[in-house]
Amino acid sequence: MALAFFENLFRRGLVSEASLEKLKQFYAGHHSLSLHNELRAILYLGILLISSGTGVLVYKHIGQIGHVAIIISLLASCLACFGYCFWKRPKLKAGEKTISPILFDYIVLLGCLLLLILIAYLQSQFQFFGHRLGLATFIPMVLLFAFAYYFDHKGVLSLGIINLAAWVGININIKTFYGIAELNKKENIIAAFLLGIFLVLVAIAVKKRGIKAHFENIYHQFGSYALFLSGIAGIIMFENLYLVWLLLLLLVGLFHYKKAFREKSFYYLVITCLYCYVGLSYTLSDKLFSLLQPGNDQVYANLFYYLSTGVGLAYWLTQLNKKMNANASL
Amino acid sequence: MPMLAYNNSDLQKLELQGIAEQANRSGFITEIEKLGIQKEYPVQFYSPNIFLRIGLGILTQVASAALLGLALLATDAQSPEILALLMAVISIIVLEWMIRNRHHYRSGVDDILLHSSIIYVLIYFGFKIEGPENLTQLILSIISLVLYSVAFSRYLDRLSVLLALASWGYFIYNLYTNFKQGPSQLLFFLLAATMISVFFLARGLQKKNKLAFYHSGLRLVEYAAVIGTYASLHYYTVEHLIFDMNFDSAGQQNSLSLSWFYWGWTFIVPLIFLLYGLKIKARPWIRIGIVLVIAFFFFLQVHENPVDHEIAAVLYGILLAAIAFGIIKYLKINNSKFTDQSIPGQSDLLFNEAFFIAAGLAGQIPQAQSPAGSDTRFGGGNFGGGGASGEF
């Protein structure tokens, strides 16, 4: 039945003969079912279990296993992982598409995770970096960035950026609600904002200069979140400078709005609208509506505001979406 | 009022656009061919991508919550149940208006309006129904079953059909516990029997030509029902409900009769799903099988604790990585039935065979361009051929 539909399209000139032939082969049952995603998911789960299990194993069994044995086994595992990746890494040749060995990406990730465990162990047990905690995050950060670039691995790059955030004082993990809980201090907000600017600039630079241009998206996403979240946190935490932070947030929004239209990205369009809406709404609720008589007046003003702006912004987003689609088809 | 809220012709064209998209993703047709097909079958629906859908959903929820707040404030929350009913009516009116005049289809706005209206109705009945807790729960489960079934029938909402299935399971549970004090082992067999009957019902309904647009939702029910059947007799479910909900005394904890059966069921059924999936080359069954097999070992570790968790994590991790690696290596040589190559969209394309058969599109392609302004709402479209009546 489905094939007849495509045959009809072929007769009407909408599908070429070559395409129809492929579809005929497919519907005749001469096709293999791809298990690519399923197998990769299992592999990834396996690597995560190994690395997280090793981390807890080291932590819980220090007394039984002994320091030397732990360090040697972790170091040997790291060297084995990086050794494998070094010898098996795809050789880049201009104009040729490279194919990585099956386990390559996963072994790189495993090696980096084990390296982090080893460094954390050395620092916690032997104060390897002394009391210079900055150095304990700086060294793994440099190593992670180096491995990310050398082995061309986006996952390791993300780990490197998270380490960079930790180095400037913002811990991104589940305990801190992925960094949000860290934004209750003024110095952290400023650090996060500057980090955001830095990451966005790096994203622009790698794209423009073509140095691993495919890393641009990773840098930009982390940078965008740092900028938007610190912008909103700045409005809340800087009582006297909230207008400056609002202005900064709107400037960040304007930058992302232009990027969204330039790249036809609905993702950036939505996050820009929502983050700016949150920042603007907080300012109006906290600074403007609070001037009204306390009680019902304030509540009514807020509710009317959220009702009208909720509908209005939804309408505006749909119009922007249609405009973007129209531009895309040009 | 017609059952489907959407224009049949647009729904069919949307399906065809989706098929062209999948054929392109599978590498069967080129991007230009895909765009040509999509241009040939234009749809009026406003269906934005997932990010906009989430964004529009959040904003709709903000507006809806603000309206409820205003109503509560204006009436001093005198009769919240009447307000809830009023909010449900307003949500449905706005939803119908958005569909008729703005052609919203899975836009985020319609999703939130539909589900908030159902929740408001349930809140209304929650206030209104008085009586013993068990009876109240029973009546609420019936109401939610009816509401979510109607929501799926009219708006093709896939979350609604899953919630209708959950309501059905909850209804059976409440029905049983209303007549018998606390769950006994018969309850789990009853739940499994009802779930498997839903599975066969969903399968049967997918063969009906008239229900072509419901196929994707029914397929979801099919998979959810089979998982529900498995979960009903899973060792954890039985043990948890029998012992932890203190219907039996704590002293009986070591004497769960038929425990050999529950353990056997918990271990063997996922393997059967996986093997069945591999036999018929159906990705959803394979995925369900893989997830449930892994979940079994996780459950075994948590429940029986044969080795320390961290050692188990390392061992299972090595095992999983080795199995995946071995299969990938094997598929490099033997790839006649299965392959390790990445082919997105291929499996979805096979599912759409059912749509073609049902809608009878093979012989007669729907009119490519509907005249501007022609109202084909509720009962337009004339699909025939392929042996299907195609009356929508």
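Residues numbered from 1 in each chain as written. Chains lettered and ligands numbered in written order. Predicted model: local features only at pLDDT ≥ 70, side-chain atom pairs only at ≥ 80, totals over all residues.

Some details on the overall build of chain A
- On a plain count of helices and strands, chain A comes out with 13 helices and 1 strand.
- When the helices and strands of chain A are read in sequence order from the N terminus, they spell out α-α-β-α-α-α-α-α-α-α-α-α-α-α.
- Judged by the C-alpha coordinates and their principal axes, chain A covers about 75 × 70 × 40 Å.
- Evaluated residue by residue, chain A yields a buried proportion of 36% over its 330 residues.
- In chain A, the share of contacts with a sequence separation of at least 24, taken over all contacts with a separation of at least 6, comes to 52%. (Helix = DSSP H or I, 4+ residues; strand = E, 2+ residues; numbered from the N terminus. Buried ≥ 20, exposed ≤ 12 C-beta atoms within 10 Å, placed from the backbone. Contact = placed C-beta atoms within 7 Å.)

A look at the overall build of chain B
- When you go through chain B residue by residue, the secondary structure sums to 14 helices and 1 strand.
- By the burial criterion, 37% of the 392 residues in chain B qualify as buried.
- Of all intrachain contacts in chain B linking residues separated by at least 6 positions in sequence, the fraction that spans at least 24 positions is 64%.

Regarding the nonpolar core
- In terms of nonpolar packing, the biggest core is built from 151 residues, with Leu110, Cys112, Val156 and Ala192 of chain A together with Ala225 of chain B touching the most fellow members.
- The leading source of residues in this core is helix H6 (residues 104–126) of chain A, at 11 residues.
- Two domains each donate at least three residues to this core, and these are domain 1 (39–92 + 99–167) and domain 2 (172–330) of chain A.
- When neighbours within four sequence positions are excluded, Ala192 of chain A is seen to be in contact with Ile170, Leu183, Ala226, Leu229 and Ser230 of chain A.
- Among the nonpolar cores identified, the runner-up in size contains 16 residues, and Ala2, Leu14, Val15 and Leu23 of chain A belong to it. (Core = buried A, V, L, I, M, F, W, Y, C linked by C-beta atoms within 7 Å. Domains from an automatic or database assignment.)

Looking at the interface of chain A and chain B
- Listed per partner, the contact involves 53 residues of chain A and 64 residues of chain B.
- For the side of chain A that touches chain B, the secondary structure elements donating two or more residues are helix H1 (2–11), helix H2 (17–27), strand E1 (33–34), helix H3 (36–60), helix H12 (266–288) and helix H13 (296–328) of chain A.
- It is H3 of chain A that provides the largest number of residues to the side of chain A that touches chain B, a total of 16 residues.
- Tallied by class, residues from the side of chain A that touches chain B come to 36 nonpolar, 14 polar and 3 charged.
- As judged from the 2 bridges shared by E1 of chain A and strand E1 (residues 338–339) of chain B, these two strands associate in the parallel manner. Note on E1 of chain B: the bridge partner recorded for Ser34 of chain A is Thr339 of chain B. (Nonpolar A, V, L, I, M, F, W, Y, C, P; charged D, E, K, R; others polar. Pairing = 2+ DSSP bridges.)

Structural notes on the domain arrangement of chain A
All names here are of chain A.
- Taken domain by domain, chain A consists of domain 1 (39–92 + 99–167) and domain 2 (172–330).
- Placing the centre of domain 1 and that of domain 2 at their C-alpha centroids yields a distance of 33 Å.
- Domain 1 puts 8 residues into the contact, and the matching count from domain 2 is 8 residues.
- With 6 residues, the single largest contributor to the side of domain 1 that touches domain 2 is helix H8 (residues 154–167).

Observations concerning the packing of helix H10 (residues 216–237) of chain A against helix H11 (residues 242–263) of chain A
Residues and elements named next belong to chain A.
- Running from N to C, H10 and H11 point in directions that differ by 155 degrees, and their axes come no closer than 8 Å. The angle between the axes of H10 and H11 places the two elements in the roughly antiparallel class. With respect to the hand of their crossing, H10 and H11 are arranged in left-handed fashion. In this structure, H10 contributes Ser224, Leu227, Phe228, Gly231, Ile232, Gly234 and Ile235 to the contact, and H11 contributes Tyr242, Trp245, Leu246, Leu248, Leu249, Val252 and His256.
- Taken together, the residues of the contact of H10 with H11 sort by class into 10 nonpolar, 4 polar and no charged. (Axes fitted to C-alpha atoms, helices over the stretch in contact; angles between N-to-C directions. Parallel < 35°, antiparallel > 145°, perpendicular 65-115°, else oblique. Left-handed = near helix turned anticlockwise from the far one by under 90°.)

Remarks on helix H5 (residues 67–88) of chain A
Residues and elements named next belong to chain A.
- Between its first and last C-alpha atoms H5 spans 31 Å; for 22 residues at 1.5 Å apiece the expected length is 32 Å, and the two agree.
- Regarding H5, the residues found buried are Ile70, Cys78, Cys81, Phe82 and Cys85. Angularly, the buried residues of H5 cover 85 degrees about the axis, an arc narrow enough to put them on a single face. Turned more than 90 degrees off the buried face of H5, the exposed positions are Val68, Ala69, Ile72, Ala76, Gly83, Phe86 and Trp87. (Expected span 1.5 Å × (residues − 1). Arc of directions from axis to C-beta.)

Remarks on unusual backbone geometry
All names here are of chain B.
- A positive phi angle is found at Asp76, which is not glycine, with a value near 55 degrees.
- Tracing the backbone shows Asp76 in the loop between helix H3 (50–74) and helix H4 (80–102).
- The exposed category is assigned to Asp76, around which 7 C-beta atoms lie within 10 Å.
- For Leu258, which is not glycine, the phi dihedral falls at a positive 65 degrees.
- Assignment of secondary structure puts Leu258 in the loop between helix H10 (235–244) and helix H11 (259–280).

Observations regarding the environment of Ala164 of chain B
Residue and element names in this part refer to chain B.
- Topologically, Ala164 is positioned in helix H7 (residues 158–179).
- In sequence terms Ala164 and Asp76 are 88 residues apart; their C-alpha atoms lie 34 Å from each other.
- With residues near it in sequence (within four places) discarded, Ala164 still touches Leu145, Tyr148, Ser149 and Phe152.

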